[in-house]
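# Observations on chain architecture
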Amino acid sequence: MRRPVPRDDRGSAIVELVWLGILLLVPLLWIVVSVFQVQGGAFAVSSAARSAGRAVALAPDDISGQRAAEAAARQALRDQGIEGVPVDVSVTCTPYPTSCHSGTSVITVVVTSRVVLPLMPDFLGGDRPSFQLDSSHTVPIGRYREVQADVADP
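As a starting point, this report considers the structure included with it. Predicted model, so just to flag it, every value in this text is computed and none were measured.

Helix and strand counts for the chain stand at two helices and three strands. Starting at the N terminus and walking to the C terminus, you meet the elements of the chain as α-α-β-β-β. Per-residue burial over the chain gives 27% buried out of 154 residues. At a minimum sequence separation of 6, the contacts of the chain that also span at least 24 residues come to 58%. Accessible surface computed for the chain: about 11,300 Å², of which carbon and sulfur atoms make up 60%.

Here's what the structure looks like:
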């Protein structure tokens, strides 16, 4: 009967460690980068809602307030590096739903957007995966508001 020849396994532990390290490190790195991307998007959407709320409150009427809110939200997202994603700005008012600028009205702005997760190729399943984010901001309108007086030229 023939005796088996002992194999020399020296050096294979290093190769196995490197391969396992790569196989475990790449997904872990993707998770960390994705969490940071989503956190940055959450800060951006929160800032966009706050800016949109201020824009509505400072606008002279509801129609220009809606336009100003959308522009302010897009600018705030752009300032935080989020571009090319859909942005939805919803403005509601209580207790006067048709007149946000009436005294004692409360304006609530909700901004909804999404963050595309990084380092994910399209061939893994259609569209790139994304994470939807939303934030709201409430602005009370005071009882007394300044009225622009028409001053006649002397």
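Another aspect to go through is the sheet that holds strand β3 (residues 130-140). The sheet built from three strands is open, its strands ordered β1-β2-β3 with antiparallel pairing. If you trace the sheet from one side to the other, it starts and ends with β1 (88-94) and β3, each paired once. Direction aside, neighbouring strands of the sheet carry axes that sit 15° apart on average. Both strand β2 (residues 106-116) and β3 contribute to a ladder of 11 bridges, which runs antiparallel. Among the inter-strand pairings, V109 is bridged to a residue of β3, identified as H137. Helix α1 (residues 12-58) rests against β1, β2 and β3 of the sheet, and its axis sits at about 30° to β3. Together, β1 and β2 form the strand contacts of helix α2 (residues 62-79), whose direction differs from that of β1 by roughly 135°.

About the criteria used
Residues numbered from 1 in each chain as written. Predicted model: local features only at pLDDT ≥ 70, side-chain atom pairs only at ≥ 80, totals over all residues. Heavy atoms only, no water. Helix = DSSP H or I, 4+ residues; strand = E, 2+ residues; numbered from the N terminus. Buried < 20%, exposed > 50% of the residue type's maximum accessible area, 1.4 Å probe, protein only. Contact = heavy atoms within 4.5 Å. Areas by Shrake-Rupley, 256 points an atom, 1.4 Å probe, with all protein chains shown as cover. Pairing = 2+ DSSP bridges. Axes fitted to C-alpha atoms, helices over the stretch in contact; angles between N-to-C directions.

In short, shape yes, function no, at least from these values alone.
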